[in-house]
Amino acid sequence: MALSLGMKNSNKMLGQMKSKVGLLSLIKQSSCTCSMNSHYSKTPLTAAPFARAFKSPDSNFRFSPSLFLARRFESIKAGKQLDSFGSSVNNQFLDFPGGRVAFTPNMRFISESSEERIPCYRVLDDDGQPFPDSSFVKVSEGVAIKMYNDMVTLQTMDTIFYEAQRQGRISFYLTTSGEEAINIASAAAIKNDDFVVPQYREPGVLLWRGFSMKEFANQCFGNKADYGKGRQMPIHYGSNKHNYFTVSSTIATQLPHAVGAAYALKMDRKDACAVTYFGDGGTSEGDFHGALNFSAVTEAPVIFICRNNGWAISTPISDQFRSDGAVVKGRAYGVRSIRVDGNDALAIYSAVHAAREMAIGEGRPILIEALTYRVGHHTTSDDSTKYRPVDEIEWWRTTQDPVTRFRKWIESNGWWNGDIESELRSSVRKQILHALQEAEKAEKPPISDLFTDVYDVSPSNLREQEHSLRESIKKHPQDYPSNVPI
């Protein structure tokens, strides 16, 4: 009797499922294709048309069949746009969750890679001049000048702080040398309400948003004015005021966090998105793949910016993956993607500007792979000449410098000259040196700050640890910094 009742209930459930499937099949299927070239025009574009143009099919795209991306909650059946391998068997199809799949009598495996590499979007040539048929979002003189000022400031700050570490004044540092355009141009293309979830090589985003030289120096010295109260290692910046999540050196863990933040913005109907950064090495972490899939399924407004600089510390990209970089990984998860010249500030600005409009306006994640090169060492703990040729580094430093290229463009527009350049670099250097000196002299946080801000009421084990530390300092004062208040 129990078996009979179970079969009866199962048949009833099956009937209900068939009814729902039939209803869902009547809902209009929405699909999209990503354009890589057909959106181009010969004149600078305003942001909205530039973003809309990404929706059009691209006849030159290597994978000519359309990208079938079933929109969530809209349909479980496909329309007529399908990736196929030859003609179907007697026009037979399988209605499968996610879309209708055609049968084929031909056994063909999907190739591990396309015959041609995905092209790289670029606006400015090596001499800072736009290509004749290039398209880009128009940048005003004021924005362009601020972009260049901040790139020079970031470059100068890196030089001085790096030297300070070599002098033993701070314990650690890493530079953004060669990647200034990715930092500043991407920051210029988003809004201050957007959440930034960084890796660790994006201080330029904070700089663009108003983080001062003094605030950078306070963090690196871990003094009393440091927002992290000296608990973090240098360059682990963070700022609630600037919607900039605190840096964590663990690779790719920030990516799922960014998706969650973006989904929260979507649920709150905010006109904002989340932007997260990572290196090419981060694509080998499970968090990268989980984050892309998570973002596609939830249709979270998040922009993933991969700084593919050729090296994950000493691991070259040839040992990192066999795919055509990071850009092709987006399609596998249903994420619209583009490859951009990371040393071209105008290209980065335009791509991120368009990505933001799509992410928020269409409710979707976007993956941007920025091709660049890490001109400096990975950190002050690294010597990159041990694993890559010096002439390779110098070629990128001298011929592909993003700051120099952007300067040539603003000079050609009549917005910049040598006199302004000299004045800027002199002024910036003085400001940074002053901030460094002031932060170095500032008082350190008290010992008690090591044990606060986690529990409302400190538990017994933390109280015991604090007492033990204080006793140790009393017994062995020579082993502890003398400028830390007890």
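As the structure is a prediction and not an experimental result, all values here were calculated from the model.

Conventions we followed
- Residues numbered from 1 in each chain as written.
- Predicted model: local features only at pLDDT ≥ 70, side-chain atom pairs only at ≥ 80, totals over all residues.
- Heavy atoms only, no water.
- Helix = DSSP H or I, 4+ residues; strand = E, 2+ residues; numbered from the N terminus.
- Buried < 20%, exposed > 50% of the residue type's maximum accessible area, 1.4 Å probe, protein only.
- Contact = heavy atoms within 4.5 Å.
- Areas by Shrake-Rupley, 256 points an atom, 1.4 Å probe, with all protein chains shown as cover.
- Patch = residues over 30% accessible without salt bridge, like charges linked within 9 Å, V, L, I, M, F, W, Y side chains within 5 Å.
- Salt bridge = Lys/Arg side-chain N within 4 Å of Asp/Glu carboxyl O.
- Core = buried A, V, L, I, M, F, W, Y, C linked by side-chain atoms within 4.5 Å.
- Lys, Arg positive; Asp, Glu negative; His and termini not counted.
- Pairing = 2+ DSSP bridges.
- Right-handed = clockwise from strand over helix to strand, strands pointing away.
- Polar contact = N/O pair within 3.5 Å; in protein donor to acceptor, adjacent residues only side chain to side chain.
- Phe/Tyr/Trp six-rings, centres within 6.5 Å; stacked < 30°, edge-to-face > 60°.
- Axes fitted to C-alpha atoms, helices over the stretch in contact; angles between N-to-C directions.
- Parallel < 35°, antiparallel > 145°, perpendicular 65-115°, else oblique.
- Left-handed = near helix turned anticlockwise from the far one by under 90°.
- Nonpolar A, V, L, I, M, F, W, Y, C, P; charged D, E, K, R; others polar.

(A) Broad picture of the overall build of the chain. When helices and strands are tallied, the chain shows 15 helices and nine strands. By residue count, 45% of the 486 residues in the chain fall in the buried class. Across the chain, the fraction of contacts at a sequence separation of at least 24, relative to all contacts at a separation of at least 6, is 71%. A total of about 24,600 Å² of accessible surface is found on the chain, and carbon and sulfur atoms cover 54% of it.

(B) Molecular detail of a nonpolar patch on the surface. Residues Leu94, Phe96, Val101 and Phe103 make up a contiguous nonpolar surface patch of about 350 Å² in total accessible area. Looking at the secondary structure, you find Phe103 in the loop between strand 2 (99–102) and helix 3 (141–166).

(C) Representation of the nonpolar core in the model. Judged by nonpolar contacts, the single largest core of 76 residues is most densely connected at Met147, Phe161, Phe216, Tyr237, Ile368 and Phe406. Leave out the neighbours within four places in its chain, and Phe216 touches Met157, Phe161, Pro203, Leu206, Leu207, Phe211 and Tyr237. Among the nonpolar cores identified, the runner-up in size contains 19 residues, and Val259, Phe288, Leu292 and Val335 belong to it.

(D) Spatial organisation of the side chain of Asp158. Looking at where Asp158 falls in the secondary structure, it is placed in helix 3. Here Asp158 occupies a buried position and makes no salt bridge, while the nearest side chain of opposite charge, Arg201, is found at 7.7 Å. If we ignore the near neighbours within four places in the chain, the residues touching Asp158 are Tyr173, Leu174, Thr175, Thr176 and Ser177.

(E) The arrangement of the environment of Thr315 in detail. By the element assignment, Thr315 lies in strand 7 (residues 315–316). In this structure the C-alpha to C-alpha distance between Thr315 and Asp280, which are 35 residues apart in sequence, comes to 10.0 Å. Setting aside its immediate chain neighbours within four residues, Thr315 contacts Gly310 and Gln320.

(F) Fine view of unusual backbone geometry. One non-glycine residue, Arg269, lies in the positive phi region at around 55 degrees. Along the chain, Arg269 turns up in the loop between helix 7 (254–267) and strand 4 (274–279). The backbone of Asp453 sits at a positive phi, close to 75 degrees, despite the residue not being glycine. Relative to the helices and strands, Asp453 resides in the loop between helix 14 (418–441) and helix 15 (460–475). The exposed category is assigned to Asp453, whose relative accessible area is 53%.

(G) Region of interest: the pairing of strand 5 (residues 302–308). Taken across its seven residues, strand 5 has seven buried, putting it largely inside the fold. Side chains Val302, Phe304, Cys306 and Asn308 project from strand 5 onto one buried face, and the interleaved Ile303, Ile305 and Arg307 project onto a second face that is buried too. For strand 4 and strand 5, the ladder comprises six bridges, and the chain directions are parallel. Bridging from a neighbouring strand, Thr276 pairs with Phe304 of strand 5. Considered for its hand, the β-α-β crossover made up of strand 4, helix 8 (residues 286–298) and strand 5 is right-handed. Here six bridges tie strand 5 to strand 9 (residues 366–371), and the two strands are oriented parallel to one another. The residue of strand 9 that forms the bridge with Ile303 is Ile366.

(H) Local environment of the side chain of Gln400. Counting through the fold element by element, Gln400 comes out in the loop between helix 12 (390–399) and helix 13 (402–412). Looking at Gln400, the relative accessible area reads 9%, which means it is buried. Here Asp126 takes part through its side chain, which lies 3.4 Å from a polar atom of the side chain of Gln400. The contacts of Gln400, once residues within four sequence positions are left out, are Arg122, Asp126, Asn343, Trp395 and Arg405.

(I) Highlighting the pairing of strand 4. Within strand 4, six of the six residues are buried, leaving the element largely enclosed by the surrounding structure. The two faces of strand 4 match: Ala274, Thr276 and Phe278 on one face and Val275, Tyr277 and Gly279 on the other face are all buried.

(J) Structural view of the packing of aromatic side chains. Evaluated as defined, the whole model comprises 13 aromatic pairs. Taking 4.8 Å as the distance between ring centres and 80 degrees as the angle between the ring planes, the aromatic pair formed by Phe211 and Phe216 counts as edge-to-face. For the pair Phe211 and Phe216, one class covers both residues: buried. Centre to centre, the rings of Tyr373 and Trp396 are 5.0 Å apart; their planes meet at 5 degrees, and the pair counts as stacked.

(K) Spotlight on the sheet that holds strand 4. In spatial order, the strands read 3-4-5-9-8; together these five strands make up an open sheet with parallel pairing. Since the sheet does not close on itself, it has two edges, and those belong to strand 3 (195–197) and strand 8 (336–341), each with one partner. Direction aside, the axes of adjacent strands within the sheet are offset by 20 degrees on average. Bridge count for strand 8 against strand 9 is six bridges, and the pairing is parallel.

(L) The arrangement of the packing of helix 6 (residues 213–221) against helix 14 in detail. In contact at an axis separation of 8 Å, helix 6 and helix 14 are set at 40 degrees when each is read in the N-to-C sense. In terms of orientation, helix 6 lies oblique with respect to helix 14. Every pair of crossing elements has a handedness; the one defined by helix 6 and helix 14 is right-handed. Taken together, the residues of helix 14 that come into contact with helix 6 (itself represented by Met213, Lys214, Ala217, Asn218 and Phe221) are Ile432, Ala435, Leu436, Ala439 and Glu440. For the contact of helix 6 with helix 14, a count of residues per class yields seven nonpolar, one polar and two charged.

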